[in-house]
Amino acid sequence: MVKREIPVEQAIGMTLAHDLTRIVPGQFKGRAFAKGHVIQPEDVPVLLDIGKRYIYVLEIGSDELHENDAAVIMAEAVAGDGLEWGEVHEGKVVLKAVTDGMLWVNQEAVTAMNLIDGISITTRPNLIHVTKGTSVAGVRPIPLVIEKNKVDEVVTIANEVKDKRSAIDVLPYKMKTAALVTTGSEIQSGRIEDKSGPVLRAKLEAYGIQVGRQVFPGDEKDAIVSEIVSAADLGVDLVLVTGGMSVDPDDRSPASIREAATQVVTYGTPMLPGSMLMLAYRGKTAIFGLPGAVLHDAKTSFDVLLPRVLARMKVTKSDIAQLGVGGWLNE
Ligand SMILES: Nc1nc2c(c(=O)[nH]1)N[C@H]1C(S)=C(S)[C@@H](COP(=O)(O)OP(=O)(O)OC[C@H]3O[C@@H](n4cnc5c(N)ncnc54)[C@H](O)[C@@H]3O)O[C@H]1N2
Ligand code: MOO
């Protein structure tokens, strides 16, 4: 690459080699001049105002890539069908969700890419719920001109994982329906009003899940088991059991879920609030035992695990154990 620095006063009529950024703290950050802009006499004071006394005239070698071209090549390599992007800006492509769903990042692959000198791939936290239109990742090289072989390496890593899943994607939810099994003698008898229905319906609607029936079996194990089994046998994707998840004599939900389940992933999570959560499956139906905190707190272990369950990702005890570090979810 040949890079010549030209004083802006002598650059009138020359073409900008890259986007130039203006930042006014608290007010504006963005592109002041676009790559390809031909510098006009009136641009000179503006360029000086944003601290540009020189511009580059670039001659890019055949083994090199301009930042904008490198960013687009990398975006095309890493992004799956659940992502789209607009124009490249200031050497960066921003990937946006085309659908509601779970952000998927192949952490190992993206880390390997970021170990390549001059590569920067940034995402939101892995496995979170995102809505259509959300910006989820930024892809850019650090230098203005980067060696092509580094970008090729990114593409190679992306292709190596692609047969399973793209390195970065938004996976739409596969689960569509839910049923509520609201335990508790105090609810069944009408001593107190049920608060779980409205809370859980609102939460699941935000994820695009239809909540069908809600039943109130009290605290008897056989009744709770029978309600879980019949919802699962009706083909409901997700059964949410509330109440009776902790240590009192009439806390019978964990034993009931265990009996109804064909597989128990965990009873207990290393997260607060929501440590008493249970996750199990009866065939393809996921069963959550939800502790009291889910009805009380805005964010619990349930919110952390729900996207991956709805996307039908396999969740193991080891995945859950790793959530302990950072699992303090309260402010
Ligand atoms: N000694 C211990 N105490 C507690 C422990 C523990 O390990 N040792 N765990 C704590 C945690 S963590 C949680 S979470 C809570 C309670 O969890 P449960 O899921 O067992 O909740 P319940 O005992 O059934 O009910 C607690 C409270 O919430 C009311 N409730 C329950 N369901 C509804 C509903 N659908 N609508 C309205 N209100 C509801 C219920 O009446 C109780 O007042 O335990 C901690 N304690
Ligand atoms: O399991 Mo509790 O939900 O931590 O408060």
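Residues numbered from 1 in each chain as written. Chains lettered and ligands numbered in written order. Predicted model: local features only at pLDDT ≥ 70, side-chain atom pairs only at ≥ 80, totals over all residues. Heavy atoms only, no water.

For the protein, an unreviewed UniProt entry supplies the name Molybdopterin molybdenumtransferase and the organism Alicyclobacillus ferrooxydans. Looking at the protein in UniProt, the text filed under Pathway (unreviewed entry) is "Cofactor biosynthesis; molybdopterin biosynthesis." (UniProt positions renumbered as here; feature names shortened; annotations may be inferred.)

Undergrad: Quick question: what am I supposed to make of helix α2 (residues 67–78) here?
TA: Taking 1.5 Å per residue as the helical rise, α2 with its 12 residues ought to reach 16 Å, and the 16 Å between its terminal C-alpha atoms agrees with that figure. For α2, the complete set of buried residues consists of Glu67, Asn68, Ala70, Ala71, Met74, Ala75, Ala77 and Val78. (Helix = DSSP H or I, 4+ residues; strand = E, 2+ residues; numbered from the N terminus. Expected span 1.5 Å × (residues − 1). Buried < 20%, exposed > 50% of the residue type's maximum accessible area, 1.4 Å probe, protein only.)

Undergrad: Teacher, can you tell me more about the sheet that holds strand β13 (residues 168–171) here?
TA: One key point about sheets: their strands pair by backbone hydrogen bonds, in either a parallel or an antiparallel sense. One open sheet holds the three strands; their spatial order is β10-β8-β13, and the pairing between them is antiparallel. The strands lining the two open edges of the sheet, one partner per strand, are β10 (129–130) and β13. Direction of pairing for strand β8 (residues 101–105) relative to β13: antiparallel, over a ladder of four bridges. Note on β13: the bridge partner recorded for Leu103 is Val170. (Pairing = 2+ DSSP bridges.)

Undergrad: How should the pairing of strand β18 (residues 278–282) be read in this particular structure?
TA: Moving residue by residue along a regular strand, the side chains alternate between the two faces of the sheet. The element β18 is largely enclosed, with a buried count of four among its five residues. Of the strand pairs in this sheet, strand β17 (residues 263–267) and β18 are connected by four bridges, and their pairing is antiparallel. Bridge assignment links Gln263 to a residue of β18, and that residue is Tyr281. Looking at chain direction, β18 and strand β19 (residues 285–290) are connected through five bridges and run antiparallel. Residue pairing for β19: Tyr281 is matched across the bridge by Ala286. Joining the antiparallel neighbours β18 and β19 is a turn of two residues, in which Gly283 adopts a positive phi near 60 degrees.

Undergrad: Quick question: what am I supposed to make of the UniProt feature "domain: MoaB/Mog" (unreviewed entry) in the protein here?
TA: Mapped onto this numbering, the UniProt entry gives "domain: MoaB/Mog" (unreviewed entry) at residues 179–312. Across residues 179–312 one finds 37% helix and 26% strand; the C-alpha atoms that close the span lie 17 Å apart.

Undergrad: Would you explain the packing of aromatic side chains in this entry?
TA: By convention here, two paired aromatic rings are described through the distance between centres and the angle between planes. Counted under the stated rule, the structure contains two aromatic pairs. Ring centres of Tyr173 and Tyr207 lie 6.0 Å apart, and the angle between their planes is 40 degrees; on these two criteria the pair is classed as tilted. Of this pair, Tyr173 sits in the loop between β13 and β14 (177–183) while Tyr207 sits in the loop between α6 (196–206) and β15 (210–218); the two residues are 34 residues apart in sequence, bridging distant segments of the chain. Across this residue pair, the class does not change: Tyr173 and Tyr207 are buried. When the ring centre of Trp104 is taken as reference, the NZ or CZ atom of Arg165 above it lies at 4.9 Å. (Phe/Tyr/Trp six-rings, centres within 6.5 Å; stacked < 30°, edge-to-face > 60°. Lys NZ or Arg CZ within 6 Å of the ring centre and 35° of its normal.)

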